[in-house]
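Tertiary structure, described
Now for the letters of each chain:
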Amino acid sequence: MTVLSLGKDLLGLEYLTKEQIELILDTAEPFKEVSERTIKKVPTLRGKTIVNLFFEASTRTRISFEFAEKRLSADTVNVAALGSSVQKGESLVDTARNLEAMRIDMVVMRHPSSGAAKFLAERIRSNVVNGGDGMHEHPTQGLLDMLTIRDRLGKVGGLKVCICGDILHSRVARSNVWGLLKVGADVAVCGPQSLMPGGIEELGVIVFRRIEEAIEWADVLNVLRLQLERMEAGYIPSIGEYYRVFGVTLERLERAPRELLILHPGPMNRGVEIDSRVADGPHSVILHQVTNGVAIRMAVLYLLAGGKPELAEAAKGMQEAET
Amino acid sequence: MSPSERQTLLDAPGVAGALERIVQQVVEFAGGTERLVLVGIQRRGADLAQRLAHMIAARWGTAVPLGVMDITLYRDDLQTVGPRPIVGETRLPVDLDHRCVMIVDDVLYTGRTIRAAMDQLADFGRPARIGLCVLVDRGGRELPIQADIVGTKVDAHADDMVDVLVNELDGRDAVELVKGGKT
């Protein structure tokens, strides 16, 4: 029996195997129940100190990680870039090493630069969880999306999932593409040419230019947020035109050959990428995603904390003794 | 492992007989079936709890609430073990306040599982009483914990393994002692 481990860090779904992704999804299942209890807390990470190091604004992800940490009984500290020594010009590594000198165990980091999580992970002993790095990856979002799909449709492998919107700038899109491909889903992307990374087909992804084609093909749509700065930067002509061409509207969904599941990583721009009637309608699992986010993050923290490779044999012996 | 090292402590009829005695004592312990909740420890304890629930339904005509509990998240050795043990399902169907909760497990050994189970139960409510019933008590306690109801006892050495087999998972019912089985 091989004992599966995630290793020291969670940097992206690109670096995980199918089995590791499935381990995280399966481990999230029992953690859902913890959040349904009257006392929403288990002592699993008692005595562990986790720093949430956020160099970029985030509400949902930071709160979700913090709930996950607290429900596992870890001690947490939130560091936001604003008002910290980062503003005084301290480098990322110096910040992290100073935190580590205070004997922390894990860092959850969001950073505007792609690759920042990996850079940090290679330089500190603590476990690093990527909470979003630039345009690279947002692995826990990809995982919670897959968990939500699996909850509703019973599986992920074999399903047709289309990610819609600003693929070019989206770390959510990248984590979804990697994760979904690994577990055997058929993956497509749909969005304006100007917001589509060159050569994405080479990953084994179908590209749709028209949202109608995507809706006709897919079992699941994962609708990305269109950042309004993109219009100012000239990627799209106008918000109104984007909605007319790419908006996921009720009328478009009504023409679909099958019931679609609609995901959105949030925060939503109603009337830009998604119709309010869709966001609040029966196809939408957007709030279910938020609930699952806490369970996924609990699973990741649980699996990483104390996951020392040299202890694998001990764990193996213990599991065998129990079964 | 050669078969000669295996010693049968209870065969299938032996297990059935033990469960007959256990179920009687469980109902006596709880003063009837009214307030009784059975909570099986994953995994074989969960199967045994389900058997007891069926027997109570057949004999007393009551469907007693049946829960399952995985104690992994409450283990006291999580800081020292490597890649994480798989976490199983925990599902407690009723409010435990003022109930008589009977924890059901296959083997009682160090007592650490039961310590974790009691800590977890406390996070779900405040039962009027908690009892413990096990199919085998193999000795070797590391904590001051004893079972209220015991199917059979064996004084096993630390190197031995006590193997409880249940039909649901293993295709047959038995309790076996494997000499030097814990390597």
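Quick look at the structure, then.

Moving on: the pairing of strand β1 (residues 49-54) of chain A. Residues and elements named next belong to chain A. In terms of burial, β1 is largely enclosed, as five of its six residues are buried. Of the strand pairs in this sheet, β1 and strand β2 (residues 75-80) are connected by six bridges, and their pairing is parallel. Paired with Leu53 across the strands is Val79, a residue of β2. Considered for its hand, the β-α-β crossover made up of β1, helix α2 (residues 60-71) and β2 is right-handed. Pairing of β1 with strand β3 (residues 106-111), which is carried by five bridges, proceeds in the parallel orientation.

Let's shift gears to the side chain of Glu33(A). Tracing the backbone through its elements, the reader meets Glu33(A) in helix α1 (residues 18-34). Judged by relative accessible area, which is 17%, Glu33(A) ranks as buried. Apart from residues lying up to four places away in sequence, Glu33(A) is in contact with Thr90(B) and Phe124(B).

Ranked by internal contacts, the top residues of the largest apolar core, which has 82 residues, are Ile24(A), Phe31(A), Leu143(A), Met146(A), Ile163(A), Leu180(A) and Ile296(A). Per-element accounting of this core gives the leading share, ten residues, to helix α12 (residues 286-304) of chain A. Dropping the residues within four chain positions of it, Ile296(A) is found in contact with Ile24(A), Leu25(A), Ala28(A), Thr140(A), Leu143(A), Leu144(A) and Leu147(A). Formed by 34 residues, the second largest nonpolar core is a distinct cluster that contains Val64(B), Met102(B), Cys133(B) and Val136(B).

As a further point, take the sheet that holds strand β7 (residues 161-165) of chain B. All names here are of chain B. Pairing within the open sheet is antiparallel, and its three strands lie in the order β1-β8-β7. What marks the edges here is a single partner per strand, and that holds for β1 (6-10) and β7. Within the sheet, the average angular offset between the axes of one strand and its neighbour, ignoring direction, is 30°. As defined by bridge partners, β1 adjoins strand β8 (residues 174-178) across four bridges and the pair is classed as antiparallel. Counterpart to Gln7 in the pairing with β8 is Leu177. Most of the contacts of helix α1 (residues 12-29) go to β1, to which it runs at about 35°, and overall it touches β1 and β8.

To continue, consider the pattern of salt bridges. Side-chain pairing between opposite charges can occur once the charged atoms of the two side chains come close. Residues and elements named next belong to chain A. Counting across every chain of the model gives 32 salt bridges over all chains. Among the ionic pairs, Asp9 bridges to Lys8, the shortest N-O distance being 2.9 Å. Exposure remark for Asp9: the relative accessible area of 16% places this residue in the buried category. Under the relative-accessibility criterion, Lys8 is labelled partly exposed at 29%. The salt bridge partner of Glu122 is Lys118, with a shortest N-O separation of 2.9 Å. Connected through salt bridges with shared partners, the residues Asp26, Glu29, Lys32, Arg150 and Asp151 form a single ionic network.

Our next topic: the pairing of strand β4 (residues 100-108) of chain B. Residue and element names in this part refer to chain B. Of all the nine residues making up β4, nine are buried; the element is thus mostly covered by neighbouring parts of the structure. Bridge count for β4 against strand β5 (residues 129-137) is eight bridges, and the pairing is parallel. What sits directly across from Val107, in β5, is Val136. Between the parallel pair β4 and β5, the chain is carried across by helix α3 (residues 112-122), and the sense of this crossover is right-handed.

All names here are of chain A. An order of β2-β1-β3-β4 is seen for the four strands of this open sheet, with the pairing classed as parallel. Either end of the sheet is taken by a strand with one partner, and the two such strands are β2 and β4 (127-133). Between one strand axis and the next, the sheet turns through 15° on average, direction left out of account.

Another point: α12(A). All names here are of chain A. Under the 1.5 Å per step criterion, the end-to-end length of α12 is 27 Å for 19 residues, consistent within 8% with the ideal 27 Å. At Asn292, α12 shows its largest bend, some 25°. Taken across its 19 residues, α12 has 15 buried, putting it largely inside the fold.

Turning our eyes to something else, we now look at the packing of α1(B) against helix α2 (residues 44-60) of chain B. Residues and elements named next belong to chain B. One way to put it is that α1 packs onto α2 with a least axis distance of 10 Å and a crossing angle of 70°. On the basis of the axis angle, α1 is roughly perpendicular to α2. For the pair α1 and α2, the contacting residues are Leu19, Glu20, Ile22, Val23, Gln24 and Val27 in the first and Leu48, Arg51, Leu52, Met55, Ile56, Arg59 and Trp60 in the second. Split by residue class, the contact of α1 with α2 holds nine nonpolar, one polar and three charged.

With that settled, the discussion passes to the packing of aromatic side chains. All names here are of chain A. Counting across every chain of the model gives three aromatic pairs over all chains. An angle of 55° between the planes, with centres 5.5 Å apart, marks the rings of Phe208 and Trp217 as tilted. Like Trp217, Phe208 is buried. Above the plane of the ring of Phe67 lies Arg71, whose end atom (NZ or CZ) is 4.7 Å from the centre.

Residues and elements named next belong to chain A. At a closest axis distance of 10 Å, the pairing of α1 and helix α5 (residues 139-153) adopts a crossing angle of 70°. What the angle tells us is that α1 and α5 run roughly perpendicular. In terms of crossing hand, the pair formed by α1 and α5 is right-handed. Of the residues in α5, those in contact with Ile21, Ile24, Leu25, Asp26, Ala28, Glu29 and Lys32 of α1 are Leu143, Met146, Leu147, Arg150 and Asp151.

Scoring rules and cut-offs
Residues numbered from 1 in each chain as written. Chains lettered and ligands numbered in written order. Predicted model: local features only at pLDDT ≥ 70, side-chain atom pairs only at ≥ 80, totals over all residues. Heavy atoms only, no water. Buried < 20%, exposed > 50% of the residue type's maximum accessible area, 1.4 Å probe, protein only. Helix = DSSP H or I, 4+ residues; strand = E, 2+ residues; numbered from the N terminus. Pairing = 2+ DSSP bridges. Right-handed = clockwise from strand over helix to strand, strands pointing away. Contact = heavy atoms within 4.5 Å. Core = buried A, V, L, I, M, F, W, Y, C linked by side-chain atoms within 4.5 Å. Axes fitted to C-alpha atoms, helices over the stretch in contact; angles between N-to-C directions. Salt bridge = Lys/Arg side-chain N within 4 Å of Asp/Glu carboxyl O. Expected span 1.5 Å × (residues − 1). Bend = angle between axes of the 7 residues up to and from the residue. Parallel < 35°, antiparallel > 145°, perpendicular 65-115°, else oblique. Nonpolar A, V, L, I, M, F, W, Y, C, P; charged D, E, K, R; others polar. Phe/Tyr/Trp six-rings, centres within 6.5 Å; stacked < 30°, edge-to-face > 60°. Lys NZ or Arg CZ within 6 Å of the ring centre and 35° of its normal. Left-handed = near helix turned anticlockwise from the far one by under 90°.

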